[in-house]
Amino acid sequence: MSSSQEQRRPRADAQRNRQRIVEAANTAFSEDGLDVSVAEIARRAGVGTGTLFRNFPTKDDLVRAILEGHLEKWIDEIKQGFELEDAERAFRDFFDSAVAFTMCDRGFVEARRCGMFDQGELGALKDEALALVEQLLVRVKRAGCLREDLSHNDVFTIAAGVAESANVAAADGLLGADEARARYVGVALAGMGADEERAQTLGVATRRTKIAAFARSAFFAGALGAAMAVRWTYS
């Protein structure tokens, strides 16, 4: 093995270790929230705590790295939506993605609650994401596919409520998680005026009946409270 190969190998090993730590932390925070210990993350990654701390000097550094990755991925997805000619489709994809992410990532929701997205690089990425969301909403409204009075605060609060409702429906065995998400995303989109094709397929009377039943259900009433607890608060 050449000296240059010997020099590259530690860097490659270090990169692999860092990636394993990031993947383990991402899964741990997503499933169990931000209280997961550093020792547990290191165990899941198959590395020692010393290796973890060489890559991330504090747990907060690790949490921020995970959250920054989420926001960067989300920004990329929103930008991809602008490449679609169908503005309504772009909004549907964005909203469904927001609901799906809120359903399955406890750490992300907890970080929103404690204001981590108002700090440093996370704050800058959040501002970039919100600017893109505003552009998306303007585009969808111009296409006549979204209520004019809806703001990004409304959209995120509704997404949080839909996610909580789908989680409760799945936990109670009423529907599978994916089926619950698809059902309640569809109801929400119809209510926001962003899914006319679905509304026409259901028919006015059927749509009203389903929306009324959804609003009366006990788990949706509880979801409204949860939505207010997890909503992003923007100035």
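Remember, it's a predicted structure, so these values are computed and weren't measured experimentally. (Residues numbered from 1 in each chain as written. Predicted model: local features only at pLDDT ≥ 70, side-chain atom pairs only at ≥ 80, totals over all residues. Heavy atoms only, no water.)

Enquirer: Could you clarify how one ought to interpret helix α8 (residues 152–171) in this entry?
Expert: Given 3.6 residues to a turn, an α-helix orients residues that are three or four positions apart in the same direction. With 20 residues, α8 extends 28 Å between its outermost C-alpha atoms, agreeing within 8% with the 28 Å of an ideal straight helix rising 1.5 Å per residue. Downstream of α8 by a residue or two, G173 has a phi angle that is positive, lying close to 75°. (Helix = DSSP H or I, 4+ residues; strand = E, 2+ residues; numbered from the N terminus. Expected span 1.5 Å × (residues − 1).)

Enquirer: What should I look at first to understand the confidence of the model for the chain in this one?
Expert: Looking at the chain, the pLDDT average stands at 81 and 78% of residues meet or exceed 70. Averaged pLDDT values for the elements of the chain fall to 40 in helix α11 (residues 204–216) and rise to 96 in helix α2 (residues 38–45). Taken together, the stretch residues 201–235 has pLDDT below 50 and engages in 46 contacts with residues farther than four places along the chain or on a different chain. (pLDDT = per-residue confidence, 0-100. Contact = heavy atoms within 4.5 Å.)

Enquirer: What should I look at first to understand the packing of aromatic side chains in this one?
Expert: Remark: the centre distance and the inter-plane angle together describe each pair of aromatic rings, the angle taken between the planes. Scanning the entire structure with this criterion turns up seven aromatic pairs. Taking the centre distance of 6.1 Å and the plane angle of 45° together, the rings of F91 and F94 count as tilted. Linking F91 with F94, this pair stays in helix α5 (residues 87–104), spanning three residues, or about one helical turn. Overall, F94 belongs to the buried group, its relative accessible area being 5%. Among the aromatic residues, those joined into a ring-pair cluster are W74, F91, F94, F95 and F156. (Phe/Tyr/Trp six-rings, centres within 6.5 Å; stacked < 30°, edge-to-face > 60°. Buried < 20%, exposed > 50% of the residue type's maximum accessible area, 1.4 Å probe, protein only.)

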